[in-house]
Amino acid sequence: MLTPRGAILLGASLALTVLGVLRTDGILVTLGASGCLLLAGAWIFIRLNLKRLSLSLRAPTRVYADQQFDLRVLLHNNRSLLDAFSIKIELHLAGQVDIHTFAPWTAAGSVSEVRLRGSIPGRSSSPEHDYTLETIMPLGLFHAKASGVITHEILVFPRPLTPRELSTQGALHDASLLPGTTPGHAPGELRGIRPWQAGDPAKHIHWPTSARSLSRGRGLRIRENDPPGFYPRHCTVLFHSFGMSGQLIRADRFEWALSLACGTLRYLREHGIPAVFLADFNEWHPLSVVSRSGFGNLLVSLARARRRSDTEAHNLAPVIEHVPEDHSLIILSDMPTEAWKDTLPDRQALLMDIRQHRYGARKLQVREQSS
């Protein structure tokens, strides 16, 4: 494809050639022919400049959305003789991010490397990435393109968000298994006052009551507390996309709901609570989230999830009824809670509201270029 500069040179060369023929002027004909030869040489060289070039990636195959990671884009010159010059690279990564960079020179049989650091803003599962190579070398007379596909699967997991309900509705931090979060000897709830016994710590003495007791010739009195709260032994996390008719369906809320599900299950795993994940997009197939491999399988499932639009109340009810009685139940949805909670069976459950956690995403930025 001719650039404006090439079009001007072509027009001038043709005009000089025609004018030289009409006037029988050898100099004009020579100038016009020289311009045409220059264009022909540039056209041949620009085609050779893109021949046998390819791209590859060095990137993690598993990342969280909006989490910084390192990426390397490599331009391979597979020719044995001709170097590659002034190659513009456009890469469409994970179906979301467009990367534009430039390789000024790549020696024959060598590689140019571009180093990037950034993040992919949203969840995705992309085995292939399209790219385009462009050049106007030499002299900017022609503009040429070549395209291809890089095969490198990148699974982008949902960004984990911990629902606020876990910290406001019975999270019971006194029983937390995370280091640094449990105050020493958490007192729990006061049950009553009892006489002092050997081995009781002094800090548990109830001094006002003890003073009255000592004035009557009796002994010290001790505060007796209930033990701090405990986390459940087992938990089932249920995800669905059911809502009453008339409710607005929003694709962004499905992504938020997956992030909340990811954050919930990571929270449970960090606190040592065995969990099972049930979702309509998995055909209600239970995923155990106990081991590291089980949590990895869950993340892959969330990365590849597609919203189900056919979930109804009669699909949801039997799933809830089959949840074991000794399991705590957490229910998430991409629909507001008032659109589905009245249709649930009469069972105690912690309901997560989707209308929380609005967050932005950083873009992938070029940090350094080298060749």
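Refer to the preceding data block for the structure.
Small disclaimer: the values here were computed from a predicted structure and weren't measured.

**Re the overall build of the protein chain**
A tally of regular secondary structure across the protein chain gives 7 helices and 16 strands. Partitioning the intrachain contacts of the protein chain with sequence separation of at least 6 by distance along the chain shows that 70% fall at a separation of at least 24.

**Brief notes about the environment of Leu-268**
Tracing the sequence through the fold places Leu-268 in helix α5 (residues 251–270). Along the chain, Leu-268 and Pro-232 lie 36 residues apart, while their C-alpha atoms are 9.8 Å from each other. Ignoring any residue separated from it by four or fewer positions in sequence, one finds Leu-268 in contact with Cys-235, Val-237, Ile-273, Ala-275 and Ile-330.

**Description of the sheet that holds strand β14 (residues 328–333)**
Read across the sheet, 5 strands follow the order β13-β12-β11-β14-β15 without closing on themselves; strand pairing throughout is mixed. The open sheet is flanked by β13 (287–289) and β15 (350–351), the only strands paired with a single partner. As judged from the 3 bridges shared by strand β12 (residues 275–279) and β13, these two strands associate in the antiparallel manner. Bridge pairing in β13 links Val-276 to Ser-288. Sheet strands touched by helix α6 (residues 292–303): β12 and β13. Its angle to β13, the strand with the most contacts, is close to 125 degrees. Against the sheet, helix α7 (residues 313–321) contacts β11 (235–240), β12 and β14, and its axis sits at roughly 175 degrees relative to β11.

Calculation criteria
- Residues numbered from 1 in each chain as written.
- Predicted model: local features only at pLDDT ≥ 70, side-chain atom pairs only at ≥ 80, totals over all residues.
- Heavy atoms only, no water.
- Helix = DSSP H or I, 4+ residues; strand = E, 2+ residues; numbered from the N terminus.
- Contact = heavy atoms within 4.5 Å.
- Pairing = 2+ DSSP bridges.
- Axes fitted to C-alpha atoms, helices over the stretch in contact; angles between N-to-C directions.

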